[in-house]
Amino acid sequence: MKEIKDIIRAYDTAIKQGKQTALATVVLVEGSAYRRAGARMLITEDGELTGAISGGCLEGDALRKARLAMAQQQPMLVTYDTTDDDDAKFGIGLGCNGIIHILIEPIHPENGNNAIELLKAVNTKRQNAVLVTLFSLQDRKAAQPGTCLVVIEDMVLGPLPSGHLKTTLLANAREVLTSGSSATKTYVDGLEYTGFVELIKPSICVVIIGAGNDALPLSRMAAILGWGVIIIDGRANYTKPERFPTAQQVITAKPEQALTHISFDEHTVLVLMTHNYNYEIALLRQALPMQIPYIGILGPRKKLERMLAELEENGLNILSQQLEKIYGPVGLDIGSEGPEEIALSVVAEIKAVLSRRNGHSLKYKPAAIHALETKIF
């Protein structure tokens, strides 16, 4: 989601400067590649790039193709076969051992349904969205429909094709919303088309309870990842916006009012790091019954055990499902020392938990890294 936000900002700047733009999207990958389907890059006519479609090896050629697409004002489907050992094919050493299909779409600002406007619609709500990109591998010289549909709950936007194809695309988009994973599907409507039916999730939002010095690197790291950051503490001399310039909110609140300021969803997590036992146990009492996917608690295991025992002694029935959401001591076991390394272990654990991964080294993963991310049917 961070890449999409960066692209939107860069596009708005380019439009103000009167520059032409094009959007390059990785729409299909066969085999191995540095970036997967859904990677995007905005290209301006003067060569400014925002986002990435590879590790840097394809961007130069994509820039040349994008300038041609802007000149012709037509979308262009480009394929890079990195399984070919002949580097002279592109004049660069690729070495990814995959076939990468990239759709380049010139952006027409006057078109309210252009690809960037559809990305803006995805960015407006903290809800899962589906974005459909349609292209033809069968006839690359044919008109490429491109980014044509956004579905967010009951909201449907985009320059959809008509007839049976429209009905099928809408049905597939809703299937992806339900299943929670992207899909690639083949359609026939005169030509054979491939549709990348992409699930886009909102950014993670980290609610950090505690505004001490050790919260500073955690706030900064989360912001670098494009996550939302909210800081809450009861100490007014700590909750100063200038201490947390990358946070969306910095709130001074007593524990009983702290969580009333936040709208929690499945992408919002909580980290308790005030070093104040009474403040944190009061917060934990409120948080446990809520549907929070991750509650991290800084400090030793004995502290957490004491807190849970005290809450139960005072009448709170703690369910096993609630205990599963608690991560204390917080963070992955990477040998962290000091606030910065602890912050690194915490953001890594949050990402792993919300991605349903175990945080182990990829070296020991028997399957391909991205093998289960996109269904093809």
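This text follows the structure it describes.
Keep in mind that this is a model prediction, so the values were computed, not measured. (Residues numbered from 1 in each chain as written. Predicted model: local features only at pLDDT ≥ 70, side-chain atom pairs only at ≥ 80, totals over all residues. Heavy atoms only, no water.)

Draft legend 1. Expanded view of the sheet that holds strand E3 (residues 49-51). In spatial order, the strands read E3-E2-E1-E5-E4; together these 5 strands make up an open sheet with antiparallel pairing. Each edge of the sheet is formed by a strand with only one pairing partner; in this case those strands are E3 and strand E4 (76-81). Sheet twist, expressed as the average angle between the axes of neighbouring strands with direction ignored, equals 25 degrees. In terms of strand pairing, strand E2 (residues 40-44) meets E3 through 3 bridges, oriented antiparallel. By the bridge assignment, Leu42 is partnered in E3 with Thr50. (Pairing = 2+ DSSP bridges. Helix = DSSP H or I, 4+ residues; strand = E, 2+ residues; numbered from the N terminus. Axes fitted to C-alpha atoms, helices over the stretch in contact; angles between N-to-C directions.)

Draft legend 2. Quick look at the packing of helix H1 (residues 2-16) against helix H3 (residues 115-124). Following both chains from N to C, one finds H1 and H3 inclined at 130 degrees, their axes separated by 10 Å at the closest point. Classified by the interaxial angle, the pair formed by H1 and H3 is oblique. Of the two elements, H1 crosses H3, and the hand of that crossing is left-handed. Residue-level contacts link Ile4, Lys5, Ile7, Ile8, Tyr11 and Asp12 of H1 to Ile116, Glu117, Leu119, Lys120 and Asn123 of H3. Residues belonging to the contact of H1 with H3 are distributed by class as follows: 6 nonpolar, 1 polar and 4 charged. (Parallel < 35°, antiparallel > 145°, perpendicular 65-115°, else oblique. Left-handed = near helix turned anticlockwise from the far one by under 90°. Contact = heavy atoms within 4.5 Å. Nonpolar A, V, L, I, M, F, W, Y, C, P; charged D, E, K, R; others polar.)

Draft legend 3. Local environment of unusual backbone geometry. Here the amide bond leading from Gly328 into Pro329 is cis, since omega sits at 0 degrees, within 30 degrees of zero. Within the secondary structure layout, Pro329 lies in the loop between strand E16 (326-327) and helix H10 (338-354). The backbone of Gln73 sits at a positive phi, close to 55 degrees, despite the residue not being glycine. Its place among the elements puts Gln73 in the loop between helix H2 (59-72) and E4. Here Gln73 falls in the partly exposed class, since its relative accessible area comes to 27%. (Buried < 20%, exposed > 50% of the residue type's maximum accessible area, 1.4 Å probe, protein only.)

Draft legend 4. Structural detail: the pairing of strand E10 (residues 191-200). Taken across its 10 residues, E10 has 8 buried, putting it largely inside the fold. The sheet contact formed by strand E6 (residues 129-135) and E10 spans 7 bridges and is antiparallel. By the bridge assignment for E10, Val132 is matched with Val197. The sheet contact formed by strand E9 (residues 182-189) and E10 spans 7 bridges and is antiparallel. Its bridge partner lying in E10, Val188 is registered against Glu192. Where E9 hands over to E10, the hairpin turn is made up of 1 residue, of which Gly190 adopts a positive phi near 80 degrees.

Draft legend 5. Summary view of the sheet that holds strand E15 (residues 295-297). The 6 strands are arranged E13-E12-E11-E14-E15-E16 in an open sheet whose pairing can be described as parallel. The sheet terminates laterally at strand E13 (249-252) and E16, the two strands that pair on one side only. In terms of strand pairing, strand E11 (residues 205-209) meets strand E14 (residues 268-272) through 5 bridges, oriented parallel. Its bridge partner lying in E14, Cys205 is registered against Thr268.

Draft legend 6. Expanded view of a positive patch on the surface. A contiguous patch of positive charge on the surface is contributed by Lys201, Lys325, Lys351 and Arg356. Within the fold, Arg356 resides in the loop between H10 and strand E17 (374-376). (Patch = residues over 30% accessible without salt bridge, like charges linked within 9 Å, V, L, I, M, F, W, Y side chains within 5 Å. Areas by Shrake-Rupley, 256 points an atom, 1.4 Å probe, with all protein chains shown as cover. Salt bridge = Lys/Arg side-chain N within 4 Å of Asp/Glu carboxyl O. Lys, Arg positive; Asp, Glu negative; His and termini not counted. Charge placed at Lys NZ, Arg CZ, Asp CG, Glu CD.)

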